[in-house]
Amino acid sequence: MKYIDYYEVLKVPKTASGKEIKQAYRKLAREHHPDLHQGEAKARAEEKFKLINEAYEVLGDEEKRAKYDRLGMNWQAGDEFGANPSNMGGHAYTYQGPADFDLGSFGFSDFFSRLFGEDFMHSRQGGGQAGRTKHKGEDIDAEISLTVEELIQGVEKELHLSAPAPCTACAGQRFTQRGVCRTCGGTGFIDETKTVKVKIPAKLHPGASLRLRGLGGKGYGDGPAGDLYLRIRVAPNAAWQIKGSDLEAELMLYPDQAVLGDKIQVPTPYGSVQLKIQPGVHAGQRLRLREKGLPKENGVGDLYLRMRIDIAKTQTEAEKELYRKIRELRNPGRVY
Ligand SMILES: [Zn+2]
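Cut-offs and rules
Residues numbered from 1 in each chain as written. Predicted model: local features only at pLDDT ≥ 70, side-chain atom pairs only at ≥ 80, totals over all residues. Heavy atoms only, no water. Buried < 20%, exposed > 50% of the residue type's maximum accessible area, 1.4 Å probe, protein only. Helix = DSSP H or I, 4+ residues; strand = E, 2+ residues; numbered from the N terminus. Arc of directions from axis to C-beta. Polar contact = N/O pair within 3.5 Å; in protein donor to acceptor, adjacent residues only side chain to side chain. Phe/Tyr/Trp six-rings, centres within 6.5 Å; stacked < 30°, edge-to-face > 60°. Lys NZ or Arg CZ within 6 Å of the ring centre and 35° of its normal. Pairing = 2+ DSSP bridges. Axes fitted to C-alpha atoms, helices over the stretch in contact; angles between N-to-C directions. Donors = N, O, S within 2.8 Å, 3.2 Å for Na, K, Ca; no water. Tetrahedral: all angles 85-135°; square planar, octahedral: opposite > 155°, others 65-115°. Parallel < 35°, antiparallel > 145°, perpendicular 65-115°, else oblique. Left-handed = near helix turned anticlockwise from the far one by under 90°. Contact = heavy atoms within 4.5 Å. Nonpolar A, V, L, I, M, F, W, Y, C, P; charged D, E, K, R; others polar. pLDDT = per-residue confidence, 0-100.

1. Some remarks on helix α4 (residues 62–72)
Taken together, the buried positions of α4 are occupied by Lys 64, Arg 65, Tyr 68, Leu 71 and Gly 72. One side of α4 carries all its buried residues, which in axial view fall inside an arc of 125°. Seen from the open side of α4, the exposed residues pointing more than 90 degrees away from its buried face are Glu 62, Glu 63 and Arg 70. Sitting at the head of α4, Asp 61 places a side-chain oxygen 3.0 Å from the backbone nitrogen of Glu 63.

2. Overview of the packing of aromatic side chains
This model, assessed by the stated rule, comprises 10 aromatic pairs. When the centroid spacing of 5.8 Å and the interplanar angle of 5° are considered together, the rings of Tyr 3 and Tyr 68 count as stacked. Taken as a pair, Tyr 3 in the segment before α1 (6–10) and Tyr 68 in helix α4 lie far apart in primary sequence, 65 residues in all. The two residues Tyr 3 and Tyr 68 agree in class, both being buried. Summarising the aromatic geometry, the rings of Tyr 3 and Phe 111 are spaced 5.3 Å apart at their centres and angled 80° between planes, so their arrangement reads as edge-to-face. Of this pair, Tyr 3 sits in the segment before α1 while Phe 111 sits in helix α5 (residues 110–125); the two residues are 108 residues apart in sequence, bridging distant segments of the chain. Take Tyr 3: its relative accessible area is 6%, and that puts it in the buried class. Accessibility expressed as a relative area gives 1% for Phe 111, which makes it buried. Here the aromatic residues Tyr 3, Tyr 6, Tyr 7, Tyr 68 and Phe 111 are joined through ring pairs into a cluster of three or more. Looking at Arg 286, its charged tip hangs above the ring of Tyr 304, at a distance of 4.1 Å from the centre.

3. Regarding the sheet that holds strand β9 (residues 246–253)
Strand pairing within a sheet occurs via backbone hydrogen bonds; the two strands may be parallel or antiparallel. If you walk across this open sheet you meet the 4 strands as β8-β9-β15-β12, and the pairing is mixed. Two strands in the sheet have a free side with no partner beyond their single neighbour: β8 (241–243) and β12 (286–289). Shown here is a sheet whose adjacent strand axes are inclined to one another by a mean of 30°, direction ignored. Judged from the 4 bridges that link them, β12 and strand β15 (residues 303–309) form a sheet pairing that is antiparallel. Each residue of the ladder has a partner; that of Arg 288, found in β15, is Tyr 304.

4. Looking at the coordination of the zinc ion
Only Cys 167 (SG), Cys 170 (SG), Cys 181 (SG) and Cys 184 (SG) from the protein coordinate the zinc ion, and they sit 2.2 to 2.3 Å from it. Every donor counted, the 4 donor atoms about the zinc ion form angles of 105 to 113° at the centre, which fits tetrahedral coordination. The class of Cys 181 is buried, set by a relative accessible area of 2%. Residue Cys 184 is classed as buried on the basis of its relative accessible area of 9%.

5. Comments concerning unusual backbone geometry
Its identity is not glycine, yet Lys 11 carries a phi of approximately 55°, on the positive side. Tracing the chain through its elements places Lys 11 in the loop between α1 and α2 (18–31). For Arg 174, which is not glycine, the phi torsion reads 75° and is therefore positive. Residue placement: Arg 174 occurs in the loop between β2 (155–166) and β3 (175–176).

6. Observations regarding the packing of α2 against helix α3 (residues 39–59)
Relative to each other, α2 and α3 sit at 165°, their axes nearing to 10 Å. Relative to α3, α2 is oriented roughly antiparallel. Note that α2 runs across α3; the crossing there is left-handed. Facing α2, whose interface residues are Ile 21, Lys 22, Tyr 25, Leu 28 and Ala 29, α3 presents Phe 49, Ile 52, Asn 53, Tyr 56 and Leu 59. For the contact of α2 with α3, the per-class residue count stands at 8 nonpolar, 1 polar and 1 charged.

7. What to know about the confidence of the model for the protein chain
Note: predicted coordinates in regions of low pLDDT should not be interpreted at a detailed level. When pLDDT is averaged across the protein chain, the result is 86; 89% of the residues are at 70 or more. The low-confidence segment residues 83–90, where pLDDT is below 50, has 5 contacts with residues more than four positions distant or belonging to other chains. In this model, residues 127–131 is a region of pLDDT below 50 whose contacts with residues beyond four sequence positions or in other chains number 4 contacts.

8. Observations concerning the sheet that holds strand β1 (residues 140–146)
Pairing within the open sheet is mixed, and its 3 strands lie in the order β1-β7-β6. Two strands lie at the open edges of the sheet, namely β1 and β6 (209–212), each paired on one side alone. Direction aside, neighbouring strands of the sheet carry axes that sit 30° apart on average. Taken together, the 7 bridges between β1 and strand β7 (residues 228–234) define a ladder with parallel strand orientation. Looking at the pairing, Glu 143 lines up with Arg 231 of β7.

So, in structure tokens, the structure goes:
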């Protein structure tokens, strides 16, 4: 019987965390799902699929993984396993396992059956159908893009999410009486789409992650649902240019306001504020409104108003007459 390197099968390092192992397993199980292949490739995928499931059955379970790791110190992939140690040059470990279980019908190798056969049968007998195990559902990550105003003022949003739910055919157990569950491909879950309403509080900073309890994947058995981690993004729009945590917008002034100054109401994402324009401002000049920008981790950015000087769409004859006077003052005696 050959020793099988399950880490190699899942392409993860020996130091991989439980989460990394789960991710690697899901990716490979999807890739090699026999239903996705045909002909010769199907047979190969089936073999590979069995092995991937077997590797996850071991590495995805803390106890089995520890047992396997203890054993692995003395074996290399492909070594004869369980042979008489005296023939095995250097390998000091003698395997004293339970009597052999034949789990071939579940798609397990002799190596697995020999090592974990009894454990596997116990864990499967512990409860038959639904409800015997109790795990928290999957935590899921999602992202939401908000306008500057929504970010600053807070908003309620409807989200369409794809969340993993326990497979109904195997109750999340990955195996049925006949072997690897075909419904979920042995992953133990199926993707369920759902719509949730979330309340996003005011003044979160872009990049913040909001934890929403119970909005993740459904729990297994009586376990609670997982959480939703919602990452907050902010999208630029015509009104506000985003520069880090500062905002920039254009402020249009008429020539008389630029020359004489004025007191005006200007819009900000926090509502309108009164602004004093000093006499003699120039186009392109920027005015800073402190803490009217985007929230950041420790404080709030600023809002810059870049001035543009323009004339009204139409001018009355009286206004034109005044401009002519200004021109006359600038260039006395010039004929046009
Ligand atoms: Zn299933």
